[in-house]
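# Fold and geometry: a report
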Amino acid sequence: MAKSSSATAAAARSNKRKSRTGTLTLEEVKSLGRELLSSRAHLNHAPALLALLSPSAPLDLALEALISLQSFFVPLLPSIPSTSTAAAAAGDASSDPELVFRSWLRQLFDELVAALVDFSVSPQSDDAIRDVALDALMDFVKLGKDGKFQSAIYHKFLHAVVHAADSIDPLLELLGSKYIKYTDVCYFTYTSLDKIANSVGSKTNGSGKDAFQNGGAGLENRIVMLIHNIYNILAHLPVMDFQKESAFDMWSTVGLSSKGEKDSSKDSSATYIRKKLKLKFTKAWLSFLKLPLPLDVYKEVLASIHQNVIPSMSNPAILCDFLTRSYDIGGVISVMALSGLFILMTQHGLEYPKFYEKLYELLTPAVFMAKHRSVFLQLLDKCLKSSYLPAYLAAAFAKRLSRLALSVPPAGALIIIALIHNLLRRHPSINFLVHWEVDDNDSHAAGEASQLKKIGSDPFNNEEADPSKSGAMRSSLWEIDTLRHHYSPAVSRFVASLEEDLTVRAKTTEMKITDFSSGSYATVFRDEVRRRIKQVPLAFYRTTPTSLFQGSDFPGWTFGDQSNNTIETIAVGNEAIETEEATDSTPSKRLRVET
């Protein structure tokens, strides 16, 4: 993989620093730091100390130089001009000498910030100096002019983190343990990630599409790495609970305000902060979800979006395009998208005309072996709970599930029985699937009944994707009857629950799908082993058997020991049986002798 621009720039800065200084001892570095802090006459020590800030420099020297430079620049931060002002002063020979001096300080400060970012992100950095570098960097972010949050410095840091070629998990753990708990840090993290995600997105679509395609596999792999890093940062941010009234801790003095003056009473109110934070949260996630997510990231997002993203969005309905596209993909992606889509439909007024048709298609044997089957099956039960569900749709789901019971594992068959139990209880109009009653005077119904009696003439079409055309209303749940003879005792016993009259709601209760949705072969076996058996059949012998069969088991025949060569006669009725037993390995000869 080709080096990124940030990595190349870091290497150039490191080489530049090495050329500024020779070999220094720790005492000499400490002396340079003391002189720099004591008098303005020793300002030229700052470049010498900057030269020691390299991941490859000795650890003790780099730490001492970093601490000295941090102490030097902290009181100067309010008076250092912006980068644009410093660049203009450097190009104007007639500028005020004081402004030129402060512009020079700005240049040194920018080099220090770049070195701190390198220490924080570089995998070669020691944990101790990474910790100190991150603290110094966040101090500079906090102690800007008029106490406002230095978002430009923080954006440079996050940009380097996203573009890091190595794992960023240790750095994110360090950042999360110290600074992510502050509201303004989260706010500006979402702001920066929104910009970075939009920048990455421009490389994969629109004007940057050709460049992305021409870059080949190398650029494609790099885009995937950037998306992974953006998601890792988003995943490490705390889940915001905007329903609770709580105080917001700020890292900087000004907080979320983008102006230099102190916060007004409006800007510091919890309602205002909550509103701005939700807006930035929403923008960051929308920009991220527009990226071409790798399959592993796609699945992780769908698995947590209903818990970690939707409740914190300023307008959750804007996720409908993402979730409906995911739901239409099919397979496990559709199963995982159901949770978020269900929340949008039930809590935010989303209309999805083909929802039940797509849900019907998802009922395949693979669902009962999927990783997220527990959540899916619980949502399936909730989706089929409405009393306004048409009879043909309830019948189609009941029939589809009963057909699946013939091919799924025992744990899946238990869930299916529970689901059908709830369907029959909620929708009495489909109870005819369990018991057909035909009026002898109704020739049409009698004809259908006779048709059903024919072997293999089930009118239900399991391959039909449209529930209304599946023919479930003309079928029956004969598959449930076959479960009476299931090889798993748990299934054959549980199917008896469908024998009750489920139309009498007062005498029956709904099955809790949560009790069965996490089932597997292991749980079925464990429950069966723990089950107490009242009577255990035993085979009792008064004496130890000498052969597989006794003579009394097969009258007229005997199975003797081959080591003896004897013939014994057994009287059976009017016949006698003589058996000659061999002395070698030849089979025993059985002779039938008339008496």
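Below, the structure is looked at part by part. Everything numeric in this text was worked out from a predicted model, so none of it was measured. (Residues numbered from 1 in each chain as written. Predicted model: local features only at pLDDT ≥ 70, side-chain atom pairs only at ≥ 80, totals over all residues. Heavy atoms only, no water.)

## Remarks on the nonpolar core
Core analysis: the largest hydrophobic core is formed by 162 residues, its most contacted members being Tyr154, Phe157, Ile230 and Phe288. The residues touching Phe157, leaving out its near neighbours within four places in the chain, are Val117, Ser120, Leu134, Leu137, Leu171 and Leu175. (Core = buried A, V, L, I, M, F, W, Y, C linked by side-chain atoms within 4.5 Å. Buried < 20%, exposed > 50% of the residue type's maximum accessible area, 1.4 Å probe, protein only. Contact = heavy atoms within 4.5 Å.)

## With respect to the packing of helix H19 (residues 391-404) against helix H20 (residues 410-426)
When two helices pack together, their arrangement is given by the angle between the helix axes and the distance between those axes. Interaxial distance between H19 and H20 falls to 10 Å at its minimum, and their mutual angle equals 160°. In terms of axis orientation, H19 runs roughly antiparallel to H20. For the element pair H19 and H20, the recorded crossing hand is left-handed. Residues Ala394, Phe397, Ala398, Leu401, Ser402 and Leu404 of H19 pack against Ile416, Leu419, Ile420 and Leu423 of H20. Considering only residue class, the contact of H19 with H20 consists of 9 nonpolar, 1 polar and no charged. (Axes fitted to C-alpha atoms, helices over the stretch in contact; angles between N-to-C directions. Helix = DSSP H or I, 4+ residues; strand = E, 2+ residues; numbered from the N terminus. Parallel < 35°, antiparallel > 145°, perpendicular 65-115°, else oblique. Left-handed = near helix turned anticlockwise from the far one by under 90°. Nonpolar A, V, L, I, M, F, W, Y, C, P; charged D, E, K, R; others polar.)

## Let's talk about the packing of helix H8 (residues 151-162) against helix H9 (residues 169-178)
Contact geometry for H8 and H9: axes closest at 11 Å, N-to-C directions at 145°. Facing H8, whose interface residues are Tyr154, Phe157 and Val161, H9 presents Leu171, Leu172 and Leu175. Residue classes in the contact of H8 with H9 are distributed as 6 nonpolar, no polar and no charged.

## Thoughts on the pattern of salt bridges
It is possible for side chains of opposite charge to pair when their charged atoms get near one another. Summed over all chains, the structure comprises 12 salt bridges. One salt bridge in this structure joins Asp131 and Lys178, with 2.3 Å as the shortest N-O distance. Placement of the pair is Asp131 in helix H7 (residues 127-142) and Lys178 in helix H9, with a sequence separation of 47 residues. Its relative accessible area of 25% is what places Asp131 among the partly exposed residues. Each of the salt bridges in this network shares a partner with another, and the network as a whole consists of Lys399, Arg403, Asp458 and Glu479. (Salt bridge = Lys/Arg side-chain N within 4 Å of Asp/Glu carboxyl O.)

## Here's the deal with the environment of Leu53
Topologically, Leu53 is positioned in the loop between helix H3 (45-50) and helix H4 (59-73). Judged by relative accessible area, Leu53 falls into the buried class, the value being 1%. Along the chain, Leu53 and Leu66 lie 13 residues apart, while their C-alpha atoms are 6.9 Å from each other.

## Some words on the environment of Leu424
The residue Leu424 is located in helix H20 in this model. Residue Leu424 is classed as buried on the basis of its relative accessible area, which comes to 1%. Spatially, the C-alpha atom of Leu424 lies 10.0 Å from that of Glu510, the residues being 86 residues apart in sequence.

By themselves, these are just geometric observations and shouldn't be taken as functional.
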